[in-house]
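A look at the structure
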Amino acid sequence: MENNNKTEVIVIGAGPAGVSAAITLARAGKKVLLVDRSDNAGDKNIFGGCIYEHQTKDIFYNFKEEAPVERIVTEEKIIMLTDEESAEFTYKHPISNDNASYTVLRRKWDKWCVEQAVKEGVCFAPKTLVKELIYENGTVKGIKTQFEDYYANIVIVADGVNSLLAKQIGLRKRLENKNVTLNVKEVYRLPKQRLEDRFNLNENEGIAAKILGGPLKNMFAMGFLYTNKDTISIGYGASLDELIKHKIKPYDLMEKLKEHPSISKLLKDAEFIEYGAHMIPEGSLESIPKVYDNGVMIAGDAAGLVNNIHFEGTNLAMLSGKLAAETAVFALEKGDYSACVLSKYYKKLKNSIIIKDLHTHNNTIEFLKKHINTITSLYPELSCKFFSILSCADGMPKQQKYNKFFTETLKSGVIKKSIPIGIFAMEKCLKK
Ligand SMILES: Cc1cc2nc3c(=O)[nH]c(=O)nc-3n(C[C@H](O)[C@H](O)[C@H](O)COP(=O)(O)OP(=O)(O)OC[C@H]3O[C@@H](n4cnc5c(N)ncnc54)[C@H](O)[C@@H]3O)c2cc1C
């Protein structure tokens, strides 16, 4: 930081987007100030969840050896619930997997990421709340904090889903309820050996599970469960407008999920240690704001860059932070911080997996909402019925069992209801 409170780039927010931007700038030899409102980076940050190796190692080269990751995900599960029963699909990864995902806890993970940034030459200011951007003649010039004003040639805004700062300068509107999911998460402690026995895991192996149906049926909602070293993260995300429509209190829904017989036994005797709630932008192309203006760029959740269908947020945040930083390096070398030069950032986003994937899924959430009863109620019911009728040796002749299963399946209308889903999925797969 120069004496007159001016630096080359200020990055607001030390989440995945902000830290990646700051590290990329420092590696290019630029002066960068990273600020976050938390006492320690990550203190108040919540996610499921998993980080993805492919993008993470692009920023944190030795993260697998050095970072506080909890477990490598070796099993992906889809747990489908009815009111009483459950049916599971499990995919087991091969042992060596170069694009693995890892469960992490944000409190430890974010702190480690910021430490790496500081080692790379980033100047980090914790406990610094940015109250507003300094905005003069249509150009962002710096930040106003609770302490002092700081100036920079470029400001990268990576302050997360609510981004009051992007709203202040008119780049973003208030998110509509239909474009945002509310996520509730709890963490439970279970001694490491008991956790591994309960989930049938070897040392360091972990599970990432998605939960469909049960108390989450008939609304755009999905649960999740992740195993950490000696804790279990469990929660769900539900579209805000659906929670309002169904008049469900987020906490009550969480309780119902935990009470389901197939879930409660996974948490048995585990000690409750943490509760939190956080929004996620739904990640549609139309809700992405203009991501640059004179002297400013927006990255990560602040710009709505999330792929909710695939539970990808941290990787897109890291990539967008990196692309914003590369654009800043180019602008600093040119000595031009105008919107025209910074528009290069949007071009980079468009050529990256971020906009490509958001483009692929542009109408997916809308489509899923229309067919949500089939997906979250009918499919779990039929899956459970399949096992309950066909797997049980109860003296009923097999022909009679097959007949019963197929009659009930046909009666449910599943074939007719699945045709549009199949066509939609095929279109997504085949579209260039
Ligand atoms: C329950 C849940 C589960 C999820 N699961 C996954 C998952 O499994 N995998 C995955 O990849 N993604 C997941 N995500 C999404 C992922 O967490 C986000 O996409 C990602 O964290 C976005 O990173 P970011 O840096 O843009 O924002 P954030 O991580 O939100 O970071 C923003 C930072 O800005 C700081 N800040 C905000 N305002 C100010 C201010 N005015 N002044 C100073 N500092 C400020 C905050 O303190 C925070 O540190 C999940 C999200 C939730 C809520």
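This structure is a prediction, so every number in the text was calculated from the model and none was measured.

Considering the domain arrangement of the protein
You can read the domains of the protein as domain 1 (6-69 + 104-173 + 289-360), domain 2 (178-281) and domain 3 (364-430). A separation of 44 Å is found between the C-alpha centroids of domain 1 and domain 3.

A word on the pairing of strand S9 (residues 139-145)
Pairing between strand S8 (residues 130-136) and S9: six bridges, direction antiparallel. Bridge pairing in S9 links Ile134 to Gly142. Between S8 and S9, which follow one another and run antiparallel, lie two residues, and Asn137 among them has a positive phi close to 50 degrees. Pairing of S9 with strand S10 (residues 149-157) involves three bridges; the strand directions are antiparallel. Within the sheet, the bridge partner assigned to Gly142 lies in S10 and is Tyr151.

Some remarks on the site of the ligand
In the vicinity of the ligand lie 36 residues, with Asp36, Gly48, Arg106, Asp301 and Thr314 positioned nearest. At 2.8 Å, a backbone N or O of Cys50 approaches a nitrogen atom of the ligand. Between the ligand and Val130 there is a distance of 3.0 Å, counted from a nitrogen atom to a backbone nitrogen or oxygen. Calculation on the ligand without its partners gives an accessible area of 1000 Å², and the protein chains cover 96% of this total. Among the elements of the structure, helix H1 (16-27), strand S3 (50-52), strand S13 (221-227), strand S15 (271-281) and helix H10 (314-334) are those that each provide at least two residues to the shell around the ligand.

Some remarks on the side chain of Glu53
In this fold, Glu53 is placed in helix H2 (residues 53-59). Once residues lying within four places of it in the same chain are set aside, the contact partners of Glu53 are Phe63, Lys64, Asn97, Asp98, Asn99, Ala100 and Tyr102.

Rules used throughout
- Residues numbered from 1 in each chain as written.
- Predicted model: local features only at pLDDT ≥ 70, side-chain atom pairs only at ≥ 80, totals over all residues.
- Heavy atoms only, no water.
- Domains from an automatic or database assignment.
- Pairing = 2+ DSSP bridges.
- Helix = DSSP H or I, 4+ residues; strand = E, 2+ residues; numbered from the N terminus.
- Near = heavy atom within 4 Å.
- Polar contact = N/O pair within 3.5 Å; in protein donor to acceptor, adjacent residues only side chain to side chain.
- Areas by Shrake-Rupley, 256 points an atom, 1.4 Å probe, with all protein chains shown as cover.
- Contact = heavy atoms within 4.5 Å.

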